[in-house]
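Listed below are the residues making up each chain.
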Amino acid sequence: MADIKAPFVGTRLRRLRRTPAIRALTRENRLSVEDLIWPVFVREGEGIREPISSMPGVYRLSLDMLENAAREAGALGIPAICIFPYTDQSMKNETCEIAWDPDNIGNRAIRAVKAAAPDIAVMTDIALDPYNANGHDGIVRDGIILNDESVEALVKMALVQAESGADILGPSDMMDGRIGAMRQALEQAGHKDVAILSYAAKYASAFYGPFRDAVGASGALKGDKKTYQIDPANRAEGLACVARDLDEGADMVMVKPGLPYLDMVRDVKDQFAVPTFAYQVSGEYAMIEAAAANGWIDGEKVMLESMMAFRRAGCDGVLTYFAPRVATILNG
Ligand code: PBG
């Protein structure tokens, strides 16, 4: 409970809100460029910067354009980039082997960022959806998403991404046992210092809609992801997933989506005291952009206020498509 020292008129809380200087002195949280992870979409080709209609201001980048983005992130002081591959229908099948091909677009993107901006931490996504004919994050047989077979595939993805130079692996698949299996495989292969930022409390959310367009998975997805992603009604289950992933060797954890799930962020930070991240997902981004485009909100102010909300809830950092815009503003 807030600690009120004295009753009115001893306490007048408005005294500390009176001027910008006093507000600045007493502000409890601050934004920093160093808390940003920038998710970027990559695709085949050259010289391509392809707009994504449901995410105005976000593009699918060919690798040469990704290199420019990496240098831009470096100049802005953004510490990390997270790579998401857009794949054509022809790359997708039921067995998903391309997911662990060292020369797939995601792995080439890791090497491209490392070459262009060696100081930037490269984060990946581990899930089969960009390469799966049915759009799911795991292997599907007879309409069932198979857990253990999926984990085997995801471990292969993790090893190849580590081999390609990834600093932070981001398993977003929500299969059981994947963190432990990856951690053990990474140790055995000599990748003992590759970090895992687990999508630990990842909910079955309708806020991912624009992302599925961005990676070319919307058309492919058969059914929904409710047998592996968490029911939005559940709070204890989200915390259990975090506890489990930390036990199995995750170094950092994520709550996803972001703003609608800040209660989870606060609980995770308080209960586990580990580096805690939130993902401000595509639908959250799209809502802010759409309202701003209509003149219904001040997009820039809402963007910055949303960043502050993540900090106040206890986030150590945020994955956000706004990262370069936020960084530009914070850098003055
Ligand atoms: C898939 C993945 C998704 C997102 C990140 N990784 C979509 C999903 O689970 O269907 C969503 C990100 C966003 O909406 O911005 N493994």
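Residues numbered from 1 in each chain as written. Predicted model: local features only at pLDDT ≥ 70, side-chain atom pairs only at ≥ 80, totals over all residues. Heavy atoms only, no water.

Engineer: Requested: an account of the overall build of the chain, with residues and values cited.
Structural biologist: A count of helical and extended segments in the chain gives 11 helices and 12 strands. In terms of overall dimensions, the chain is globule-like: its C-alpha atoms have a radius of gyration of 20 Å, near the 20 Å expected for 332 residues. Long-range contacts, defined as pairs at least 24 residues apart, comprise 76% of the intrachain contacts of the chain with a sequence gap of at least 6. Summed over its atoms, the accessible surface of the chain is roughly 15000 Å², and 53% of this surface lies on carbon and sulfur atoms. Measuring between centres, the 36 positive side-chain charges of the chain sit 10 Å from its 46 negative side-chain charges. (Helix = DSSP H or I, 4+ residues; strand = E, 2+ residues; numbered from the N terminus. Rg over C-alpha atoms; globule rule 2.2 N^0.38 Å. Contact = heavy atoms within 4.5 Å. Areas by Shrake-Rupley, 256 points an atom, 1.4 Å probe, with all protein chains shown as cover. Lys, Arg positive; Asp, Glu negative; His and termini not counted. Charge placed at Lys NZ, Arg CZ, Asp CG, Glu CD.)

Engineer: How would you explain the site of the ligand if you had to name every residue and give the values?
Structural biologist: Looking at the ligand, there are 17 residues lining it, with R212, K225, K256, S282 and Y321 nearest. Interatomic distance of 3.4 Å between a side-chain N/O atom of D129 and a nitrogen atom of the ligand. Across the complex, the protein chains shield 100% of the 400 Å² of accessible surface that the ligand would expose by itself. In terms of residue class, the shell around the ligand is built from seven nonpolar, three polar and seven charged. (Near = heavy atom within 4 Å. Polar contact = N/O pair within 3.5 Å; in protein donor to acceptor, adjacent residues only side chain to side chain. Nonpolar A, V, L, I, M, F, W, Y, C, P; charged D, E, K, R; others polar.)

Engineer: Describe in detail the pairing of strand β11 (residues 276–280), supporting the description with residues and values.
Structural biologist: Of all five residues that make up β11, five are buried, and the element is covered over most of its length. On β11, burial covers both faces: T276, A278 and Q280 on one face and F277 and Y279 on the other are all buried. Both strand β10 (residues 252–256) and β11 contribute to a ladder of three bridges, which runs parallel. In the sheet register, V253 faces β11, and the bridge partner there is T276. Read as a crossover between parallel neighbours, the route from β10 over helix α8 (residues 262–272) to β11 is right-handed. As defined by bridge partners, β11 adjoins strand β12 (residues 317–320) across four bridges and the pair is classed as parallel. Bridge pairing in β12 links Y279 to L319. (Buried < 20%, exposed > 50% of the residue type's maximum accessible area, 1.4 Å probe, protein only. Pairing = 2+ DSSP bridges. Right-handed = clockwise from strand over helix to strand, strands pointing away.)

Engineer: Break down the pattern of salt bridges for me, citing the residues and quoting the values.
Structural biologist: Close approach of charged atoms allows side chains with opposite charge to pair. Under the definition given, this model contains 20 salt bridges. Note that D173 is salt-bridged to R178, the shortest N-O span being 3.1 Å. For the residue pair D173 and R178, the accessibility class agrees, reading buried in each case. A salt bridge links D316 to K269; its shortest N-O distance comes to 2.9 Å. One end of the pair, D316, is in the loop between α10 (299–313) and β12; the other, K269, is in helix α8, with 47 residues separating them in the sequence. A relative accessible area of 30% means that D316 is categorised as partly exposed. (Salt bridge = Lys/Arg side-chain N within 4 Å of Asp/Glu carboxyl O.)

Engineer: Please set out helix α11 (residues 323–330) residue by residue, giving values where relevant.
Structural biologist: Buried residues of α11: A323, P324, V326 and A327, and no others. Looking straight down α11, one finds its buried side chains confined to an arc of 160°; they lie on one side. Elements in contact with the buried residues of α11: β1 (36–42), α2 (63–76), α10 and β12. (Arc of directions from axis to C-beta.)

Engineer: If you had to explain the environment of G177 to someone new, which residues and values would you point to?
Structural biologist: Mapped onto the secondary structure, G177 falls in the loop between β8 (168–169) and α5 (178–188). Exposure remark for G177: the relative accessible area of 28% places this residue in the partly exposed category. Expressed as a C-alpha distance, the spacing of G177 and E248, which sit 71 residues apart in the sequence, is 7.8 Å.

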